[in-house]
Protein chains: 2
Amino acid sequence: MRATLMYGAGDVRVENVPDPVLKNPTDALVRVLRSCVCGSDLWPYAAKPPVEHGARIGHEFLGVVEDAGAEVSGFSRGDVVVAPFVWSDNTCDFCREGLQTSCRHGGQWGAGDVDGGQGEAVRVPQADGTLVKLPVGEDSPLLASLLTLSDVFPTGYHCAATAGVGPRTTVTVVGDGAVGLCAVMSAKRLGAERIVLMGRHKDRTDLGRDFGATDVVAERGEEGIARVRELTGGDGTHTVLECVGLEQALDTALGVVRAGGTVSRVGAPQYQHVNMGFRSFLSNITLTGGVAPARAYIERLLPDVLEGTVEPGRVFDRTVGLDEVADGYRAMADRTALKVLIRP
Amino acid sequence: MRATLMYGAGDVRVENVPDPVLKNPTDALVRVLRSCVCGSDLWPYAAKPPVEHGARIGHEFLGVVEDAGAEVSGFSRGDVVVAPFVWSDNTCDFCREGLQTSCRHGGQWGAGDVDGGQGEAVRVPQADGTLVKLPVGEDSPLLASLLTLSDVFPTGYHCAATAGVGPRTTVTVVGDGAVGLCAVMSAKRLGAERIVLMGRHKDRTDLGRDFGATDVVAERGEEGIARVRELTGGDGTHTVLECVGLEQALDTALGVVRAGGTVSRVGAPQYQHVNMGFRSFLSNITLTGGVAPARAYIERLLPDVLEGTVEPGRVFDRTVGLDEVADGYRAMADRTALKVLIRP
């Protein structure tokens, strides 16, 4: 089959790889209907040292079950399913607590002998725990929105939920990428009435307004902090959703949070240390969030997508075939695309 | 009157200062019955550059109301009262949320024209909001335990409460100082069944066992982390209460916390940055806590002290008169005393 491999910064190739086969009785084989490029894929695309043997990549996909091992009971051939961005048994103590990203028997797509999602098919380990059945056909117009259940939508939701967003909390979202926009949508779903979106790409912040943002702040750094404080009577917002992963973004988040408030981060950290010394101690600031256990949220968010109450698929503003994946990476890295959908 | 002044590292003096008088109609005058030295007083005692004019110090006291301004309605002459370690109006939005340390009209003892607590008397601003009446006499044997309501007991409780300690959470307490021991007591009060105390002073950890610690780990750094992990099947504990304030202590806390768990810190940070990069992100670790709004907890903890269910006053292992305060500082700095009570 064809699949995407990352050979180093700026070097993404689509090549022939062995067709996946069932290895364990808990595996399923899924033919990929839709995949996409994640903002976090752009970190290796920007900085990965060159390697001789490319690494499989992609961790968001939705597809059709083609075959399943003897111990897979939840799925049959032909089922349309979505996979969260890590696989997990969904039965261990961590999974039962809703922390499938720390599953005792789970792992990552594209690691070891596990396929990446940006290809024609994937062997899914722990299929019963990992996959979620979608009550739609292969040609559903909802596929793009359903694909966001794999990562960006639950990641934004995790950010808002762990921050404690609710009807009485004001919210700042730092970052107008796909996750930030999904965080806006999630904050609105959780009842927030005031949602300040920090971002400077007008097409993105316009979509953010559609998703529920009540204010947009285009300034960055100290100016951005001052602007959010000005909008909130000097206090900052109760919750801040950090959806970038850069140190400056986290510093901004810490700069706009109200005393006693919470910063939740879901941007994969490109920093080692967090600037939380005496000042944040005196203000009783909480830092929470982390890699989102998407699996824990899919059933909760699925009805909204099926009913069309939310349309997270609007974050996809470009679609490519598998052989054009390199163009998709380039477009996202150049910020000419917000998020790229792949139709293998 | 006589009061304590800090002139620089190692230089604490008791001198004559002007008697406090009512300045605002919301003030009260309190004659101090008991005060004490805080672990946080040891930071300036260790490192404050010398100054020509000493600064008033002390933020924990309990005393008798001697006079009150026209707008003070809650207290009468002769009432025995305890003061939390910051003063506050207890009516603003932050106070109503239980964050009196961020009161819009509050402040610190010993700052500006406000007296410190380590003296014979104190002018108490915002007396109605700040003080809590104690139903005891001046000669109550409970005074030492009641004095801990000013800081160490609610600080330990804040740490455990913000960490989310409960019957189903395992706990590690980092630090066997007075706050750490009060954190142990608080974790037990909140229902924790497994409380690991990290400390290497046997007399202190013995008291910690009396307060509820089920395990004691004397090792520090990587060895200490390994030992706590060993005690918890490799996982670490759901909650970690950081009661020191040094970077190494916080690193230890982050090293022993279970995936999905919470580190709460109440040790005044002697660091600028927190080591929470990718690893803690992948484990969904939360950092919370901060300077404790003691005022928010006093009524909740008072009944236990009055009934003798808890005896936090056992953290005081030395008592000095006001003129011996310098000896008290020295004893705490040398660690020959755990916490020093002052009887002016």
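Refer to the structure above for everything that follows.
Residues numbered from 1 in each chain as written. Chains lettered and ligands numbered in written order. Predicted model: local features only at pLDDT ≥ 70, side-chain atom pairs only at ≥ 80, totals over all residues. Heavy atoms only, no water.

For the pair of chain copies, the relating operation is a rotation around an axis with a shift along it. When chain A is brought onto chain B, the operation consists of a screw motion whose angular component is 180° and whose axial shift is 0.0 Å, with 0.0 Å RMSD remaining. Interpreted geometrically, this transformation is the action of a two-fold axis. When you check the interface residues of chain A against chain B, 100% turn up at the interface there too, and the contact is symmetric in its surfaces. (Least-squares fit on C-alpha atoms with pLDDT ≥ 70 in both. Contact = heavy atoms within 4.5 Å.)

On to the pairing of strand β16 (residues 286-289) of chain B. All names here are of chain B. In β16, alternate side chains face the same way, and those of Thr286 and Thr288 on one face and Leu287 and Gly289 on the other are all buried. Here strand β15 (residues 257-265) pairs with β16 via four bridges, running parallel. Across the sheet, arginine 265 pairs through a bridge with glycine 289, a residue of β16. (Buried < 20%, exposed > 50% of the residue type's maximum accessible area, 1.4 Å probe, protein only. Helix = DSSP H or I, 4+ residues; strand = E, 2+ residues; numbered from the N terminus. Pairing = 2+ DSSP bridges.)

Moving on, we get to the interface of chain A and chain B. Between chain A and chain B, the contact holds 37 residues from the first and 37 residues from the second. In total, chain A and chain B occlude about 3,000 Å² of area from one another, counting both sides; carbon and sulfur atoms represent 50% of this. A per-residue breakdown of the area chain A buries against chain B is headed by Arg258(A), Phe281(A) and Asn284(A), which together make up 21% of the total. Where chain A packs against chain B, one counts 22 residue pairs in polar contact (both at pLDDT 80 or more). (Buried area = accessible area lost by both parts, 1.4 Å probe. Polar contact = N/O pair within 3.5 Å; in protein donor to acceptor, adjacent residues only side chain to side chain.)

This paragraph deals with the pairing of strand β9 (residues 121-124) of chain A. Residues and elements named next belong to chain A. What you see with β9 is no split at all: Ala121 and Arg123 on one side and Val122 and Val124 on the other are buried throughout. Direction of pairing for strand β3 (residues 28-36) relative to β9: antiparallel, over a ladder of four bridges. Across the sheet, arginine 31 pairs through a bridge with alanine 121, a residue of β9.

Here the focus is unusual backbone geometry. Even without glycine at this site, Arg335(A) takes up a positive phi of about 65°. Tracing the chain through its elements places Arg335(A) in the loop between α12 (325-333) and β18 (340-343). For Asn284(B), which is not a glycine, the phi torsion comes out positive at approximately 55°. Mapped onto the fold, Asn284(B) is located in the loop between α10 (278-282) and β16. The exposure class of Asn284(B) is buried, given its relative accessible area of 6%.

The next point concerns the packing of aromatic side chains. Residue and element names in this part refer to chain A. Following the criterion strictly, the structure yields eight aromatic pairs over all chains and no others. Each ring, one from tyrosine 157 and one from tyrosine 297, has its centre 5.4 Å from the other, and the planes form 65°; the classification is edge-to-face. Placement of the pair is tyrosine 157 in helix α5 (residues 152-163) and tyrosine 297 in the loop between β16 (286-289) and α11 (298-307), with a sequence separation of 140 residues. A single burial state applies to tyrosine 157 and to tyrosine 297, both of which are buried. Here the basic side chain of arginine 13 rests over the ring of tyrosine 7, its NZ or CZ set 3.6 Å away from the ring centre. (Phe/Tyr/Trp six-rings, centres within 6.5 Å; stacked < 30°, edge-to-face > 60°. Lys NZ or Arg CZ within 6 Å of the ring centre and 35° of its normal.)

This brings us to the sheet that holds strand β1 (residues 2-8) of chain B. Residue and element names in this part refer to chain B. Ordered in space as β2-β1-β4, the three strands form an open sheet in which the pairing is antiparallel. The open sheet has two edge strands with one neighbour each: β2 (11-16) and β4 (55-56). Two strands pair when backbone bridges link them, and β1 and β4 are joined in this way by two bridges, in the antiparallel orientation. Within the sheet, the bridge partner assigned to leucine 5 lies in β4 and is arginine 56. Along the sheet, helix α12 (residues 325-333) makes contact with β1 and β2, crossing β2 at roughly 160°. (Axes fitted to C-alpha atoms, helices over the stretch in contact; angles between N-to-C directions.)

In short, geometric facts, not functional conclusions.
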